[in-house]
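# Structural overview
The residues making up each chain are set out below.
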Amino acid sequence: MTIKTFTLSFFAAVALSTLSIAPVSFAASLTPNTLPTPALPAAAPSPAAAPVTGAPAAAAKAVGDSNGQVNDEDINRFTNTIVLIKDFYVQPTEDKDLLDNAIRGMVSGLDPHSEYLDKEAYKTLLMTTSGEFGGVGIEITPEFGILKVVSPIDDTPAAKAGIKAGDYVVAINGALVSEMQLQDAVDKMRGKAGTQVVLTVLRKGEKIPLTFKLNREIIHIASVKSKMLDNNFGYIRITQFQEPTAKLMHDAILQLKAQNNGKLSGIILDLRNNPGGLLETAVQVVNNFLNSKDLNKKYNDLIVYTEGRLPEAQYNAKATGTDILNGAPMVILINGGSASASEIVAGALQDYRRALIVGTPSFGKGSVQTVIPLDKTHALKLTTALYRTPSGRIIQNVGIIPDVRIEDMQLVKNATDEDLSMIEPIKEYQLKNHLKGADSVTSNPDVLNNNDIAMARTDFQLFEALKILRTMYMLDQKNQLIITPTPPPQQTAAKN
């Protein structure tokens, strides 16, 4: 047998065996940027060595379908391509490389989030799961043959340099991204702390590409930040949904309460540029703000549920907690960088009308990825389900639409404070040659204080969210007022 005949026979056998093998059972593997399906059975060590529950019928239907049936011509086209590459390609190619590339292309053609994880990619995924790695700190997804920035991670080189959600990375160190595999691009951006990488970025509204020279750092992801905005209102920022995030958030709220005599008048939950994370953590976060006993079986008490082809991909989570805020009003901030688990949290609390969603529409990633090991060093990251909000809304490609849309504007400070007309109505005292009245205008409760003005200039969306939260609190207080009419004075009989 010649080498060519052997190669042709070998790959034909691989192709035929691949077509006849049903999908393996799922195995959950937690990654910070995917939503694994919980409680899935472990994967078999070898797809060919173990029976598959529930999958053969679906696979047989797919292969036997008249529109998708594979015939001899298809097999010949596949094997002939391999032979031609080995015979005529400018450089020698190994059979293993061709097989890996065939699998990689097959999986990447499914959707932007499914991926074949070879030895290096699998190791990178496990490293990312640890929450610490060397890089620039951006979450990316393939789009239009280049890389779209889902969100920059807080306090990382990318965020500090001004890279924004929605930017497109077109070149890394001068090499075009369109000519790289996704893993190659990720590897080029990651590296030893202190080394430099140059990203060329396209941004909507900019006429020329932007160049960012970034020094790599060890990326430590602090998933929860908190502070007091006013004497009564708290601010919670979740940057990513990691395993301890729900507890960290719960503790942060308790600390804010302790700073404010045990009570908060309301909070802002900031999920902007949060690319997602663990599904279970998102459920736990929602559970902190819903009183399960008061839901009255609305939406069957669901927080989120998924729909997939196989029974193992079906999942639902129900509210079981109590409201840590005791009904105090909530505003959730989202933007185009809020994805995945962020959308689960915002969608659930929006459906139950527990929080007002403010900002711009979210990213729209409503799919669940499950990491399925192929062997000890290789795996598939496959999209296995779509999730829905409690009311049944699909988020995939749509996102969460805010109740109040507020664009991310930039106010530029100038000497005359003319920019203040954008954030508060013009008052009489601001008019030229106005008549003198009270000695001080600071007694006017409608006048913005210095903290408000500073916030408006540094974070306009947060400034507007705080104004909305104050209004919600006042309306809530008004609704709670019990007005007891004064009884009429008792009349006494007149004495004649």
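Residues numbered from 1 in each chain as written. Predicted model: local features only at pLDDT ≥ 70, side-chain atom pairs only at ≥ 80, totals over all residues. Heavy atoms only, no water.

### Side note on the overall build of the chain
Counting secondary structure elements, the chain contains 12 helices and 19 strands. Of all 496 residues assigned to the chain, the portion counted as buried reaches 46%. Look at the contacts in the chain between residues 6 or more apart in sequence, and 70% of them connect residues 24 or more apart. Accessible area of the chain: about 27,100 Å², with a carbon and sulfur share of 55%. (Helix = DSSP H or I, 4+ residues; strand = E, 2+ residues; numbered from the N terminus. Buried < 20%, exposed > 50% of the residue type's maximum accessible area, 1.4 Å probe, protein only. Contact = heavy atoms within 4.5 Å. Areas by Shrake-Rupley, 256 points an atom, 1.4 Å probe, with all protein chains shown as cover.)

### A closer look at helix α3 (residues 72-88)
A rise of 1.5 Å per residue sets the reference length of α3, with its 17 residues, at 24 Å; its end C-alpha atoms lie 24 Å apart and thus fit the reference within 8%. When α3 is considered as a whole, its buried residues turn out to be Ile-75, Thr-79, Ile-82 and Val-83. Within α3, the buried residues cover an arc of 95° as seen down the axis, which keeps them to one side. Residues of α3 that are exposed and point more than 90 degrees away from the buried face comprise Glu-73, Arg-77 and Phe-88. (Expected span 1.5 Å × (residues − 1). Arc of directions from axis to C-beta.)

### Description of the nonpolar core
With 47 residues, the main nonpolar core has Ile-236, Leu-269, Phe-289 and Ile-332 as its most contacted residues. Sorting elements by how many residues they give to this core places helix α10 (residues 341-351) first, with six residues. Excluding anything up to four places from it in sequence, Phe-289 contacts Met-249, Ile-253, Ile-267, Leu-269, Thr-322, Asp-323, Ile-324, Leu-325, Met-330, Leu-349 and Arg-354. The next biggest cluster of nonpolar side chains, apart from the first, holds 20 residues, and it includes Ile-140, Ala-158, Val-177 and Met-189. (Core = buried A, V, L, I, M, F, W, Y, C linked by side-chain atoms within 4.5 Å.)

### Quick word on the sheet that holds strand β16 (residues 356-359)
Pairing within the open sheet is mixed, and its six strands lie in the order β10-β11-β12-β15-β16-β19. For this open sheet the edge positions go to β10 (224-228) and β19 (404-405), each flanked by a neighbour on one side alone. Examined bridge by bridge, strand β15 (residues 330-334) and β16 share four bridges and lie parallel to one another. Residue pairing for β16: Val-331 is matched across the bridge by Leu-356. Those strands touched by helix α12 (residues 460-480) are β11 (233-238), β12 (266-270), β15, β16 and β19, and its axis lies near 160° from that of β15. (Pairing = 2+ DSSP bridges. Axes fitted to C-alpha atoms, helices over the stretch in contact; angles between N-to-C directions.)

### So, the confidence of the model for the chain
Averaged over the chain, the pLDDT score is 79; the fraction of residues at 70 or greater is 74%. Note that residues 441-447 has pLDDT below 50 and, in this model, seven contacts with residues that lie over four places away or in other chains. Below a pLDDT of 50 lies the segment residues 491-496, which in the model reaches zero contacts outside its immediate sequence neighbourhood of four places, other chains included. (pLDDT = per-residue confidence, 0-100.)

### Quick look at helix α4 (residues 95-108)
Relative to the 20 Å expected for 14 residues at 1.5 Å per residue, α4 spans 20 Å between its end C-alpha atoms, a close match to the ideal helical length. Taken together, the buried positions of α4 are occupied by Leu-98, Asp-100, Arg-104 and Val-107. The secondary structure elements touched by the buried residues of α4 are α3, β1 (115-117) and β18 (379-388).

### A word on the packing of aromatic side chains
Applying the stated criterion to the full structure yields four aromatic pairs. Centroid distance Phe-233 to Tyr-473: 5.8 Å. Interplanar angle 85°. Geometry classified as edge-to-face. A residue pair is termed long-range when its members are at least 10 positions apart, and Phe-233 in strand β11 and Tyr-473 in helix α12 qualify at 240 residues. Accessibility expressed as a relative area gives 23% for Tyr-473, which makes it partly exposed. On the numbers, 5.5 Å between centres and 65° between planes, the contact of Tyr-299 with Tyr-352 is edge-to-face. (Phe/Tyr/Trp six-rings, centres within 6.5 Å; stacked < 30°, edge-to-face > 60°.)

### Observations regarding the side chain of Thr-281
By secondary structure assignment, the location of Thr-281 is in helix α9 (residues 279-287). Look past the residues within four positions of Thr-281 in its chain and what remains in contact with it is Phe-241, Gln-242, Glu-243, Thr-245 and Ala-246.

### Examining the pairing of strand β7 (residues 196-202)
Most of β7 is tucked away: five of the seven residues are buried. With six bridges joining them, β7 and strand β8 (residues 210-215) adopt antiparallel strand pairing. Bridge pairing links Thr-200 to Thr-211 in β8.

### Considering the pattern of salt bridges
Applying the stated criterion across every chain yields a total of 20 salt bridges. Linking Asp-154 and Lys-225 is a salt bridge whose minimum nitrogen-to-oxygen distance equals 3.9 Å. Placement of the pair is Asp-154 in the loop between β4 (146-152) and α6 (157-161) and Lys-225 in strand β10, with a sequence separation of 71 residues. The class of Lys-225 is partly exposed, set by a relative accessible area of 28%. The salt bridge involving Glu-407 is made with Arg-405; its shortest N-O contact spans 2.8 Å. Glu-407 gets classed as partly exposed once you look at its relative accessible area, which sits at 40%. (Salt bridge = Lys/Arg side-chain N within 4 Å of Asp/Glu carboxyl O.)

### Describing the packing of α9 against α10
Contact pair α9 / α10: the axes reach a minimum separation of 9 Å and the direction vectors enclose 30°. Classified by the angle between their axes, α9 and α10 sit roughly parallel to one another. The handedness of the crossing between α9 and α10 is right-handed. Residue-level inspection shows Leu-279, Ala-282, Val-285 and Val-286 of α9 in contact with α10, the latter providing Ala-341, Ile-344, Val-345, Ala-348 and Leu-349. (Parallel < 35°, antiparallel > 145°, perpendicular 65-115°, else oblique. Left-handed = near helix turned anticlockwise from the far one by under 90°.)

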